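Here is what each chain is made of, one letter per residue.
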Amino acid sequence: MNTPILQLRKRTPAQLLLASVGVLLLASLAPSQSRPTRIAVLDLGSSATGLHAADDIRGLFRAADPSESRREFDLIDPDQTRAAARGAGFEGSLNLTLHAARDLGAAIGCDFYFIGEAQTLRRSPSTKPIYYESYATVFLVSARTGRLVLWERPTVQHDSPEASERALRSTLTTAETRERYLVALRRAQEDERAERVAAVENSPAIIEVMSDDESDANKDVRAPRPYRRLKPPYPQTAAVAEVEATVDVLLDVDARGEIGRVEIARWAGYGLDQSVIDTVRQMHFFPAMRDGVAIPMRVLLRYNFRKPPVQNRPQ
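None of the values given here were measured: they were computed from a predicted structure.

1. Thoughts on the overall build of the protein chain
Scanning the protein chain for helices and strands turns up 8 helices and 16 strands. Taking all 315 residues of the protein chain together, the buried fraction comes to 44%. For the protein chain, the share of sequence-separated contacts (at least 6 apart) that also reach a separation of at least 24 residues comes to 72%. Within the structure as shown, the protein chain displays about 17,000 Å² of accessible surface, and the carbon and sulfur contribution to it stands at 51%.

Here is the structure:
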């Protein structure tokens, strides 16, 4: 169901220096930014429900006060957003790497963006009458970091497709939904500001990133090895949506084999990312070795999640 794969990556000193300079520049510019936060909302699929749901989310950010100086959020034009996403090659994936998510945000020219999927489906269960289910999978993504800030999947059921879609759209336009999105956006902005300040004030520890190439420099280096591999559980939130996805996680393993920093490098939502984080934090490693000496190293673990067997799926 979810097979872990160890991958190793390497950055040159020049790349690390450029990344540090970029962080410093962003940190120095942050206090001077007073413009509204730019929000983009991509269509939640091509179905009528998806188009309507996306427009409902856009409505939450259309400014009630026309004054530019008082506006906290600036909604990017939907046509501009669609064109930019197409130009970036985005095809609706909800399982993005941080790099791909940042590239999409840069193409659109936003600070945060919403992606997702929404549909109205006819259900024919054997234990009850036919009904219609409408759902909206909503992902909020930071264009600066590429991280998944928030995900949710409201679902409603009714005896007609029209009533089902109306009920779903009603849940997307409540004051509670708007407040939930605003809180998530503001918290993400604060967290990112704090990270930029911390990056300037505290020099990051030097940690090697092992390459998977066959160069002579790596012949005497052994990657960290887990004492035993643990399988993250497939959460009920993912089972309900019958999700299949891949989650990549970066781990800093110190010279004692203990895990330090953990970061999701490819997110999937539906509780899968948290399942992976909770699992890897329980793991212990034999440390990486160079010439017989233990060294810290950053590694990438990949977990592939598959839908449970039909008999185990929730009804």
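2. Side note on the pattern of salt bridges
A full pass over the atoms with the stated rule returns 21 salt bridges. Measuring nitrogen to oxygen at the nearest pair gives 3.6 Å for the salt bridge that ties Arg 38 to Asp 74. Here the residue Arg 38 occupies a position in strand β2 (residues 37-41), and Asp 74 occupies one in strand β3 (residues 73-75), the gap between them amounting to 36 residues. Judged by its relative accessible area of 25%, Arg 38 is partly exposed. Among the charged side chains, a salt-bridge network with shared partners connects Asp 43, Asp 55, Arg 58, Arg 62, Asp 79 and Arg 82.

3. Considering the sheet that holds strand β15 (residues 293-295)
One open sheet accounts for 3 strands, arranged β9-β14-β15; its pairing is antiparallel. Of all the strands in the sheet, just β9 (221-222) and β15 have a single pairing partner and so form its edges. Sheet topology note: the β9/strand β14 (residues 288-290) ladder contains 2 bridges and is antiparallel. Each residue of the ladder has a partner; that of Arg 222, found in β14, is Met 289.

4. Some points on the pairing of strand β5 (residues 131-142)
Summarising burial for β5: 12 of the 12 residues are buried, a large majority. Taken together, the 12 bridges between strand β4 (residues 112-123) and β5 define a ladder with antiparallel strand orientation. Of the residues in β5, the one forming a bridge with Ile 115 is Phe 139. Bridge count for β5 against strand β7 (residues 155-158) is 4 bridges, and the pairing is antiparallel. Bridge pairing in β7 places Tyr 132 opposite His 158. For β5 and strand β6 (residues 148-152), the ladder comprises 4 bridges, and the chain directions are antiparallel. Paired with Phe 139 across the strands is Trp 151, a residue of β6.

5. A closer look at the packing of helix α3 (residues 78-87) against helix α4 (residues 98-108)
For the pair α3 and α4, the least separation of the axes is 8 Å and the interaxial angle reads 135°. In terms of axis orientation, α3 runs oblique to α4. Between α3 and α4 lies a crossing of right-handed hand. Contacts between α3 and α4 involve Gln 80, Thr 81, Ala 84 and Ala 85 from the former and Leu 104, Ala 107 and Ile 108 from the latter. Its residues placed into classes, the contact of α3 with α4 shows 5 nonpolar, 2 polar and no charged.

6. Notes on the confidence of the model for the protein chain
Looking at the protein chain, pLDDT values average 86 and 80% of them are 70 or higher. Predicted confidence for residues 13-32 stays below pLDDT 50, and this span has 9 contacts to residues more than four positions away or in other chains.

7. What about the environment of Gln 189?
Along the chain, the position of Gln 189 falls in helix α6 (residues 175-201). Given a relative accessible area of 17%, Gln 189 falls into the buried group. Gln 189 sits 47 residues away from Ser 142 along the chain, and the two C-alpha atoms are 8.9 Å apart. In this structure Gln 189 touches Thr 37 and Phe 112, once residues within four positions along its chain are discounted.

8. Focus on unusual backbone geometry
At Glu 242, a position not held by glycine, the phi torsion is positive, near 50°. You can see Glu 242 is positioned in the loop between α7 (236-241) and β11 (245-253). Look at Tyr 270: it is not a glycine, yet its phi comes out positive at around 60°. When you line up the elements, Tyr 270 lands in the loop between β12 (259-266) and α8 (272-280).

9. Overview of the environment of Ile 277
Mapped onto the fold, Ile 277 is located in helix α8. In the structure, Ile 277 is positioned 13 residues away from Ile 264 in sequence and 7.8 Å away in space, judged by C-alpha atoms. Those residues in contact with Ile 277 that sit more than four places away from it in its chain are Val 262 and Ile 264.

10. Details of the nonpolar core
The nonpolar side chains of a soluble globular protein tend to be buried with one another. Ranked by size, the top nonpolar core spans 49 residues in total, and within it Tyr 113, Ile 115, Val 249, Leu 251, Trp 267, Leu 272 and Val 280 carry the most contacts. Setting aside anything within four residues of it in sequence, one finds Ile 115 in contact with Leu 42, Leu 44, Phe 90, Ser 93, Leu 94, Leu 96, Thr 137, Val 138, Phe 139, Val 141 and Trp 267. Counting 26 residues, the second-largest nonpolar core is a separate cluster that includes Ala 54, Ile 57, Leu 150 and Leu 172.

11. Thoughts on the side chain of Thr 246
Secondary-structure assignment places Thr 246 in strand β11. Thr 246 gets classed as buried once you look at its relative accessible area, which sits at 14%. Residue contacts for Thr 246: discarding those within four places in its chain leaves Asn 95, Arg 266, Trp 267, Ala 268, Arg 302, Tyr 303 and Asn 304.

Cut-off values and rules
- Each chain carries its own residue numbering, running from 1 in the written order of its sequence.
- At least 70 in pLDDT is required for a residue's local features to be given in this predicted model, at least 80 for side-chain atom pairs to be given and counted, and no such filter applies to totals for whole chains, interfaces and linings, which use all residues.
- Think of the side-chain values as coming from all heavy atoms in the structure, minus any hydrogens and water.
- Numbering of helices and strands starts at the N terminus; helices are DSSP runs of H or I of at least 4 residues and strands are runs of E of at least 2.
- The rule is simple: take the accessible area with a 1.4 Å probe, protein chains only, and divide by the maximum for that residue type; under 20% is buried, over 50% is exposed, in between is partly exposed.
- In what follows, a contact means two residues having at least one pair of non-hydrogen atoms within 4.5 Å.
- Each accessible area is a Shrake-Rupley result for a 1.4 Å probe, and residues are judged covered by the shown protein chains and nothing else.
- What makes a salt bridge here is a side-chain nitrogen of Lys or Arg within 4 Å of a carboxyl oxygen of Asp or Glu, nothing more.
- Note on pairing: DSSP must find at least two bridges between two strands before they are called paired.
- Geometry is summarised by axes, namely lines fitted to C-alpha atoms with helices restricted to the contacting stretch, and by angles between N-to-C directions that run from 0 to 180 degrees.
- Geometric relationships in this document are graded by angle, where less than 35 degrees denotes roughly parallel, more than 145 denotes roughly antiparallel, 65 to 115 denotes roughly perpendicular, and other angles denote oblique.
- A clockwise turn of the near helix away from the far one marks a right-handed crossing, whereas an anticlockwise turn of less than a right angle marks a left-handed crossing.
- By the convention adopted, Pro, Cys, Tyr, Trp, Phe, Met, Ile, Leu, Val and Ala count as nonpolar, Lys, Arg, Asp and Glu as charged, and the other residues, Gly among them, as polar.
- As a per-residue measure, pLDDT tells how confident the predictor is, with possible values from 0 to 100.
- Throughout this description, the term nonpolar core refers to a set of buried Ala, Val, Leu, Ile, Met, Phe, Trp, Tyr and Cys residues connected via side-chain atoms within 4.5 Å.

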